[in-house]
Amino acid sequence: MTDKILVFIPVYNCERQIGRVLEQFRSPEVSRWFSEILVLDNGSKDKSIDVATAAAQSLAGVSVKIARNLQNYGLGGSHKSAFAYAIENGFTHVALLHGDDQGSIADLIPELKNGAHLAYDCLLGSRFMRGSRITGYSPVRIAGNYVFNVAYSLATLKIVKDLGSGLNFYSVDFLKSRFYTSFPDGLHFSCSLLLGACARIAKIRFFPISWREEDQVSNVKLFRQSFETLGLALRYMFGKKGFLAHEYRAKLVDRYEREILYPQTGAGTQTSP
Ligand SMILES: Nc1nc2c(ncn2[C@@H]2O[C@H](COP(=O)(O)OP(=O)(O)OP(=O)(O)O)[C@@H](O)[C@H]2O)c(=O)[nH]1
Ligand SMILES: [Mg+2]
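What counts, and at which threshold
- Residues numbered from 1 in each chain as written.
- Chains lettered and ligands numbered in written order.
- Predicted model: local features only at pLDDT ≥ 70, side-chain atom pairs only at ≥ 80, totals over all residues.
- Helix = DSSP H or I, 4+ residues; strand = E, 2+ residues; numbered from the N terminus.
- Rg over C-alpha atoms; globule rule 2.2 N^0.38 Å.
- Expected span 1.5 Å × (residues − 1).
- Buried ≥ 20, exposed ≤ 12 C-beta atoms within 10 Å, placed from the backbone.
- Core = buried A, V, L, I, M, F, W, Y, C linked by C-beta atoms within 7 Å.
- Contact = placed C-beta atoms within 7 Å.
- Pairing = 2+ DSSP bridges.

### A look at the overall build of the protein chain
No. 1: Of the regular secondary structure elements, the protein chain holds 11 helices and 11 strands.
No. 2: In summary, the protein chain has a C-alpha radius of gyration of 18 Å against a globular reference of 19 Å for 273 residues, a match within 12%.
No. 3: Dimensions of the protein chain, computed from C-alpha atoms along their principal axes, come out at roughly 50 × 40 × 40 Å.

### Considerations on helix α4 (residues 74-88)
No. 1: Its 15 residues place the ends of α4 21 Å apart at the C-alpha level, agreeing with the 21 Å of an ideal helix rising 1.5 Å per residue.
No. 2: Most of α4 is tucked away: 13 of the 15 residues are buried.
No. 3: Of the residues one or two after α4, G90 is the one with positive phi, at around 70°.

### Some details on the nonpolar core
No. 1: Membership of the largest hydrophobic core comes to 70 residues, with the highest contact counts inside it found for F8, I9, L38, V39, A52 and V94.
No. 2: At seven residues, the largest contribution of residues to this core is made by helix α9 (residues 189-199).
No. 3: Setting aside residues no more than four positions away along its own chain, F8 makes contact with L38, L40, A82, V94, A95 and L96.

### What about the pairing of strand β7 (residues 167-171)?
No. 1: Judged by how many residues are buried, β7 sits mostly within the fold: five of five residues are covered.
No. 2: Neither face of β7 is left uncovered, since the one carrying L167, F169 and S171 and the one carrying N168 and Y170 both have all their residues buried.
No. 3: Strand direction decides the pairing type here: strand β5 (residues 122-126) and β7, joined by three bridges, are antiparallel. Counted as the bridge partner of L124 is N168 from β7.

See below:
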């Protein structure tokens, strides 16, 4: 089967960074791996869509779509919307790259070159392993992440090297059953997906990435988020079936819908369960 890889770029108020993120795909050495880039806006209040559209127009030979969720579904909900898009449009894999330019898609290319994506369900970028490079993170935050990695390793009995960075890669076969629909729609989606992948005995590989915090705004509420993160690991330890069956969303969303804004086709809204 020929690879058809979608790059999913979640965006919320990234007008200062999204141009730089799309610029990363100008090199054919990078873009040749990907069939399409989906910039998925989550109801930004700034000019993210305009900036992304201009950047997309300037990228000759790269297929870029710019879409907007019909409401702000949170970062997790945006994943569900993008995964649905990938499933429904025949993609074989989805690469996640955050739209606020903290990561580099170039870090994924060695994994694709050595064929790791064909052997694993999930390739997860790690900020905290040999070969990783982090800039601009406070020592407290780095230490906290190492503690969480140990806690999640104990909970899952696997070596966890990152609870959820902004550069990951998933096979669509792994996503197809949509087992993650009841997972949190907010920032806890990625660590829930990691636990869900462990519960489903998925093949997971961590790879080192570079990660920076420069002109980005962190939305992480350290203490509250830490408790919720540990709560997820505890629930997992009490039983994988229960973990997978639990409804984590405070507000249920029937359909994670998006509309394609660029290129304009007149196709309108795309709905997904
Ligand atoms: N916070 C937030 N980010 C969103 C949302 N939808 C899309 N995003 C994008 O998701 C990416 C990650 O969001 P961040 O708030 O930086 O979260 P994070 O990277 O996990 O946390 P930090 O390490 O603090 O940067 C960014 O590119 C956002 O623009 C949303 O509803 N809320
Ligand atoms: Mg971020």
